[in-house]
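Fold and contact review
Below are the chains, spelled out letter by letter.
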Amino acid sequence: MAELDVLKVEPFGPLDALYAAVRRCAPQVAVTRARVSEEYGIPKLGTVGVLELRLHVSYRGRQARRIRWDGEADAYVWASGPDYRVQLPADPEQAAMWVGRALGAPVAPAPSGG
């Protein structure tokens with residue numbers, strides 16, 4: 001079997017959790033996961049392009065924005081838009097509420113498990 005025939009599966013990660021939370025807490029927000037090219041400057045090597053997973057969110061006529069997971073800070077971070085580099089809560093449900101409010105979408109807290 002050729003290497004290209006093998007299905008590549010990634011483990012469920014923080015952006016997947018936020019994706020699900022946004023769908024629950026702010027269902028009118030359009031949300032997608034996508035890999036985008038990010039460029040990093042590395043001393044003595046120059047600029048290197050890497051595909052990074054990002055969450056893209058938008059609501060109605062507002063410009064789409066991106067969110068990334070910062071593993072060092074253990075928090076979600078706006079990767080574009082007016083809040084660029086501003087941290088969101090690490091808890092996906094709380095972050096989803098912030099995302100919905102930032103975009104002006106109606107939000108509803110997720111039902112408590114119990």
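Details of the structure are given in the entry above.
So, a few notes on the structure that sits alongside this text. Everything numeric in this text was worked out from a predicted model, so none of it was measured. (Residues numbered from 1 in each chain as written. Predicted model: local features only at pLDDT ≥ 70, side-chain atom pairs only at ≥ 80, totals over all residues. Heavy atoms only, no water.)

**Details of the packing of aromatic side chains**
Note the threshold: The criterion for an aromatic pair is that two Phe, Tyr or Trp rings (for Trp, the six-membered ring) have centres within 6.5 Å, with stacked assigned to planes under 30 degrees apart, edge-to-face to planes over 60 apart and tilted to the rest. Partly exposed describes any residue whose relative accessible area lies between the buried limit of under 20% and the exposed limit of over 50%, with all areas from a 1.4 Å probe on protein chains only and scaled to the type maximum. Here, a charge over a ring means that NZ of Lys or CZ of Arg falls within 6 Å of the ring centre while also lying within 35 degrees of the ring normal.
All chains considered together, the criterion is met by 1 aromatic pair. Seen from their ring centres, tryptophan 69 and tyrosine 76 are 4.8 Å apart, and the 70 degrees between their planes marks the pair as edge-to-face. A residue is classified by how much of its surface remains accessible, and tryptophan 69, at 27% relative accessible area, is partly exposed. Note that arginine 33 overlies the ring of tyrosine 19, its terminal NZ or CZ placed 4.0 Å from the centroid. Here the basic side chain of arginine 65 rests over the ring of tryptophan 78, its NZ or CZ set 3.8 Å away from the ring centre.

**Remarks on the packing of helix α1 (residues 14-25) against helix α2 (residues 92-103)**
Note the cut-off: Each axis is a line fitted through C-alpha atoms, taken for helices only over the stretch in contact, and angles between the N-to-C directions span 0 to 180 degrees. Counting from the N terminus, the helices are DSSP H or I runs at least four residues long and the strands are E runs at least two residues long. Relative orientations are named as follows: roughly parallel for angles under 35 degrees, roughly antiparallel for angles over 145 degrees, roughly perpendicular for angles from 65 to 115 degrees, and oblique for any other angle. Two helices cross in a left-handed way if the nearer one is turned anticlockwise from the farther one by less than a right angle. They cross in a right-handed way if the turn is clockwise. Whether two residues touch is decided by their heavy atoms; if any such pair falls within 4.5 Å, the residues are in contact. When residue character is reported, Ala, Val, Leu, Ile, Met, Phe, Trp, Tyr, Cys and Pro are called nonpolar, Asp, Glu, Lys and Arg charged, and the others, Gly included, polar.
Contact geometry of α1 with α2 gives a least axis separation of 8 Å together with a crossing angle of 55 degrees. Between α1 and α2, the interaxial angle falls into the category oblique. In this structure, α1 meets α2 at a crossing whose hand is right-handed. Together, Ala17, Leu18, Ala21, Val22, Arg24 and Cys25 of α1 and Pro92, Glu93, Ala95, Ala96, Met97 and Val99 of α2 make up the contact between the two elements. A class-by-class count of the residues in the contact of α1 with α2 yields 10 nonpolar, no polar and 2 charged.

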